[in-house]
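# Tertiary structure, described
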Amino acid sequence: MDGEIFTIRARRCKRCGRLLTSKEAVERGYGCQCAAKAKAEEVAKAPLPGR
């Protein structure tokens with residue numbers, strides 16, 4: 001083990017900047033709470049159907 005180097009990839013949330021700890025969050029670019037908030041914002045900005 002002496003002299004052995006290893007790295008851990010760490011990414012940060014695109015929304016809040018916190019450290020992402022799960023593989024899914026890193027792939028998404030958002031933590032679970034920020035992903036839900038970003039999705040809600042997208043839905044709110046979308047035009048209403050039929051208008």
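Because the structure is predicted, anything quoted here is derived from the model rather than measured.

## Observations regarding the overall build of the protein chain
- When helices and strands are counted, the protein chain shows 2 helices and 2 strands.
- Scanning the protein chain from its N terminus toward the C terminus, one meets helices and strands in the order β-β-α-α.
- A burial count over the protein chain gives 16% of its 51 residues as buried.
- As displayed, the protein chain offers around 5,000 Å² of accessible surface, 53% of which is attributable to carbon and sulfur atoms.

## What about the environment of Cys16?
- Among the secondary structure elements, Cys16 is positioned in the loop between strand E1 (11-12) and strand E2 (19-20).
- Once the C-alpha coordinates of Cys16 and Tyr30 are considered, the two residues, 14 residues apart in sequence, prove to be 8.4 Å apart.

## Quick notes on the layout of surface pockets
- There is about 200 Å³ of room inside the largest pocket.
- Lining the largest pocket we find 13 residues, and of these Arg18, Leu20, Gly31, Cys32 and Gln33 sit closest to its centre.
- Of all the secondary structure elements, the ones that give two or more residues to the lining of the largest pocket are E2, helix H1 (23-28) and helix H2 (32-45).
- It is H2 that provides the largest number of residues to the lining of the largest pocket, a total of 3 residues.

Reading the values: the criteria
Residues numbered from 1 in each chain as written. Predicted model: local features only at pLDDT ≥ 70, side-chain atom pairs only at ≥ 80, totals over all residues. Heavy atoms only, no water. Helix = DSSP H or I, 4+ residues; strand = E, 2+ residues; numbered from the N terminus. Buried < 20%, exposed > 50% of the residue type's maximum accessible area, 1.4 Å probe, protein only. Areas by Shrake-Rupley, 256 points an atom, 1.4 Å probe, with all protein chains shown as cover. 1 Å grid on protein atoms, 1.4 Å probe; cavity = no way out; pocket = protein on both sides within 12 Å on 5 of 7 lines; lining within 4 Å. Points joined across faces, edges and corners; volume = space filled by probe spheres on them.

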